[in-house]
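Summary of structural features
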Amino acid sequence: MNILFVNPPQTVPVTERCLNIKFPLGLMYMADTLEKNGFTLKILDCPLHYRIRRSLNAQLDKIGLLPEQIKKTIEDFRPDIIGVSCAYSPYECDSFDIINYIKPLFRHIFIVVGGAHSSANPEYVLRNLNIDAVVIGEGEEVMLDIARRIRDHLSLNDTPGIALRTDNGVRVNERRGYIADLDTVKPAWHLLDMQQYFNHPYNANATMRCNTVDIVTSRGCPGHCVFCSIHTVWGRKWRARSPLNVVDEMEMLMTRYGARQIRIQDDNLTLDKRRIMAICDEIVKRKLDIRWDTPNGVAIGTLDKETLLKMKTSGCYRITFGIESGCKRIQRYIGKVLDLTRVNELMLCCHRVGMWVCATFIIGFPDETREEIRETENYILTCPVNFPFIYVAQPLKGTDLCHDFEKHNLKPAEFIETSSIMQTKYNTLHLTSTELNRIHSRLYKAFVVRKALSYLNPRKFYREMLSKIRSWEDVAYVLHMFLELLNFMIPATLVYRVGKIWKHGNRR
Ligand code: SF4
């Protein structure tokens, strides 16, 4: 029995040159579980085909395989089930577009969707009559159950962890328990054309080395951040792979596929100090020449100098702190109250051990005032971060933030397709979307100018920049980041083109 997983082509603003590409880990984990149980799998990661780009309207383009190409794959592979990912609310239209194209052509194929958006919102998603079932929560065991029942011609009605349409309307079944031992599952790396990922121009976007892969070493988060929907899939209990299992995967990716850099996509990599220390020790013990970073933010509470030093020694060159706001009231609203003095000390500690420091910030919460955004701005401009990622809050399904946008009548029934964390279309109680976008873009410019000026101070320049440059690879990384920054601030420049040529010509 054949099962096809599809990561749909992605809608982007016309101004977006290319998509940041990530490995479709969720689909890969499910694929491996199914394959081990006798099913034949294929993964179609449509956005990977970045050269295929078509215009949807004056504002939006779609990147990835064309519908006819997807149809051809289905005709050739002849799947009995197609699983389509719908990770977050902004991607719903992309998932629906492809499902609405496929189902009328292949009525006999069972169509399932999964991801945070559909897990939080199964009844709503099932209003689309072309979808047969929704996987709620963690996918491996649920997909296996669905596949077995379809193969054995059994009813799906009482399958735990799914929602489906029955004669009596939409039925949402009880969730299935989470996988207790994450060492028992792994991603189906062999189903992907790794070279195609490595050749993607954004595979090594802002990274130290080319041939970057993504891994996940833990799932779930006990946090209750108002904007976060991750609990809808992986729950609130933190579960982690063992250090040996994690480092085995790293080593396999290096030796079998030539990976040289790893993005650890955990939401809470450092929650257990002993575990992160053991992972680092194991990397050092095996002498793995790898660079790794933590793009999603780390648990700040457990970090200290000892941990940071060990992380650096094992190849971690960049860390991301999830700070979100410089305003205490907004921190309380978000549900993540941080001692910013301690955060600053940790950033300085990162500089001392030689790690680059990024941090995430969010503005545009429903009742956030201009003055409160200014507090965040002041913090961003004065803290010792190397680069901030500043986003505008979006009402993703499954989050308390979405309820608050709805409560204040700031959100229409449907998610606004053209809205994004970089260019919002949502007003707040105190600011219009235009004002928010203006503040957002001004914040970035202000940061770059302030940082550049602050580096006229030699002590600061040494502490935040020079002290980290300890090899030719570090020099190359600084030049690379400088070009990326110019690319970010001055779009479509010659610098950008030179940078891309340099990156793909010289950094392999
Ligand atoms: S944003 Fe991070 S810390 Fe907050 S709930 Fe989500 S995963 Fe947890």
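About the criteria used
- Residues numbered from 1 in each chain as written.
- Predicted model: local features only at pLDDT ≥ 70, side-chain atom pairs only at ≥ 80, totals over all residues.
- Heavy atoms only, no water.
- Helix = DSSP H or I, 4+ residues; strand = E, 2+ residues; numbered from the N terminus.
- Rg over C-alpha atoms; globule rule 2.2 N^0.38 Å.
- Buried < 20%, exposed > 50% of the residue type's maximum accessible area, 1.4 Å probe, protein only.
- Contact = heavy atoms within 4.5 Å.
- Areas by Shrake-Rupley, 256 points an atom, 1.4 Å probe, with all protein chains shown as cover.
- Patch = residues over 30% accessible without salt bridge, like charges linked within 9 Å, V, L, I, M, F, W, Y side chains within 5 Å.
- Salt bridge = Lys/Arg side-chain N within 4 Å of Asp/Glu carboxyl O.
- Near = heavy atom within 4 Å.
- Nonpolar A, V, L, I, M, F, W, Y, C, P; charged D, E, K, R; others polar.
- Pairing = 2+ DSSP bridges.
- Axes fitted to C-alpha atoms, helices over the stretch in contact; angles between N-to-C directions.
- Arc of directions from axis to C-beta.
- pLDDT = per-residue confidence, 0-100.
- Expected span 1.5 Å × (residues − 1).
- Disulfide = S-S within 2.5 Å.

Glancing now at the overall build of the protein chain. What the protein chain contains, in helices and strands, is 19 helices and 18 strands. Taken against the 2.2 N^0.38 rule, which gives 23 Å for 508 residues, the C-alpha radius of gyration of the protein chain at 23 Å falls within 12% of a compact globule. Evaluated residue by residue, the protein chain yields a buried proportion of 56% over its 508 residues. The contacts of the protein chain with a sequence gap of at least 6 include a subset with a gap of at least 24, amounting to 74%. In the form shown here, the protein chain has an accessible surface area of approximately 21700 Å², with 55% of it arising from carbon and sulfur atoms.

Next up on the list: a nonpolar patch on the surface. Taken together, the side chains of Val 449, Leu 453 and Leu 456 make up a nonpolar region of the molecular surface, amounting to roughly 320 Å² of accessible area. Within the secondary structure layout, Leu 453 lies in helix H16 (residues 433-454). Given the relative accessible area of 53%, Leu 453 is considered exposed.

The tally for this structure, following the rule as stated, stands at 40 salt bridges. With its nearest N and O atoms 2.6 Å apart, the salt bridge here joins Asp 304 to Lys 273. Of this pair, Asp 304 sits in the loop between strand E15 (291-298) and helix H11 (305-313) while Lys 273 sits in helix H10 (residues 273-285), placing them 31 residues apart in sequence. Between Arg 329 and Glu 372 there is a salt bridge, and its shortest N-O distance comes to 2.5 Å. Pair noted here: Arg 329 is in helix H12 (residues 328-334) and Glu 372 is in helix H14 (residues 370-382), with a separation of 43 residues, a long-range link. Exposure remark for Arg 329: the relative accessible area of 32% places this residue in the partly exposed category. The class for Glu 372 is buried, based on a relative accessible area of 9%. When salt bridges with common partners are traced through the structure, they connect Asp 248, Glu 251, Glu 282, Lys 285 and Arg 286 into a single cluster.

Turning our attention to the site of the ligand. Near the ligand the following residues occur: Cys 221, Gly 223, Cys 225, Phe 227, Cys 228, Ile 230 and Asp 267. Its residues placed into classes, the shell around the ligand shows five nonpolar, one polar and one charged.

Here we take up the sheet that holds strand E5 (residues 60-63). Pairing is antiparallel in the open sheet, where three strands are placed in the order E2-E5-E4. The open sheet terminates on both sides in strands that have one partner only, identified here as strand E2 (10-13) and strand E4 (53-55). Direction aside, neighbouring strands of the sheet carry axes that sit 30° apart on average.

With that settled, the discussion passes to helix H2 (residues 67-77). Taken residue by residue, H2 has Pro 67, Ile 70, Thr 73, Ile 74 and Phe 77 as its buried positions. All buried residues of H2 lie within an arc of 120° about the axis, which places them on one face of the element. Opposite its buried face, H2 presents the exposed residues Glu 68 and Asp 76, each directed more than 90 degrees away. Looking at the packing, one finds that the buried side of H2 touches strand E1 (2-7), strand E3 (40-45), E4, strand E6 (81-85) and helix H3 (92-105). Of the residues flanking the end of H2, it is Arg 78, one or two places downstream, whose phi is positive at about 50°.

Time to look at the confidence of the model for the protein chain. Averaged over every residue, the pLDDT of the protein chain is 92; residues scoring 70 or more account for 96%. Here the predicted complex carries an ipTM of 0.99, next to a pTM of 0.92.

Within the element layout of this structure, His 117 appears in helix H4 (residues 116-120). Contacts of His 117, omitting those with residues within four sequence positions, involve Cys 86, Ala 87, Tyr 88, Ser 89, Glu 92, Val 125 and Lys 397.

Let us look at H16. With 22 residues, H16 should reach 32 Å at 1.5 Å per residue; the first-to-last C-alpha distance of 31 Å fits that figure. Among the residues of H16, those classed as buried are Ser 433, Leu 436, Asn 437, Ile 439, His 440, Leu 443, Tyr 444, Phe 447, Lys 451 and Ser 454. Here the buried residues of H16 occupy an arc of 160° about the axis, which is enough to place them on one side. Exposed residues pointing more than 90 degrees away from the buried face of H16 are listed as Arg 438 and Leu 453.

What follows covers the sheet that holds E6. Strand order in the open sheet made by the seven strands is E3-E1-E6-E7-E8-E9-E10, with mixed pairing throughout. Among the strands making up the open sheet, the edge pair consists of E3 and strand E10 (169-172). On average, adjacent strands in this sheet sit at an angle of 20° to one another, irrespective of strand direction. The pairing of E6 with strand E7 (residues 110-114) spans five bridges and is parallel.

As a further point, take unusual backbone geometry. Non-glycine residue Lys 287 carries a positive phi angle of around 55°. Phi at Glu 324 is positive, roughly 75°, even though this residue is not glycine. With respect to the helices and strands, Glu 324 occurs in strand E16 (residues 316-324).

The subject of this paragraph is the state of the cysteines. Counting across every chain of the model gives zero disulfides. Sulfur of Cys 349: no disulfide; nearest cysteine sulfur belongs to Cys 350 and is 6.3 Å away.

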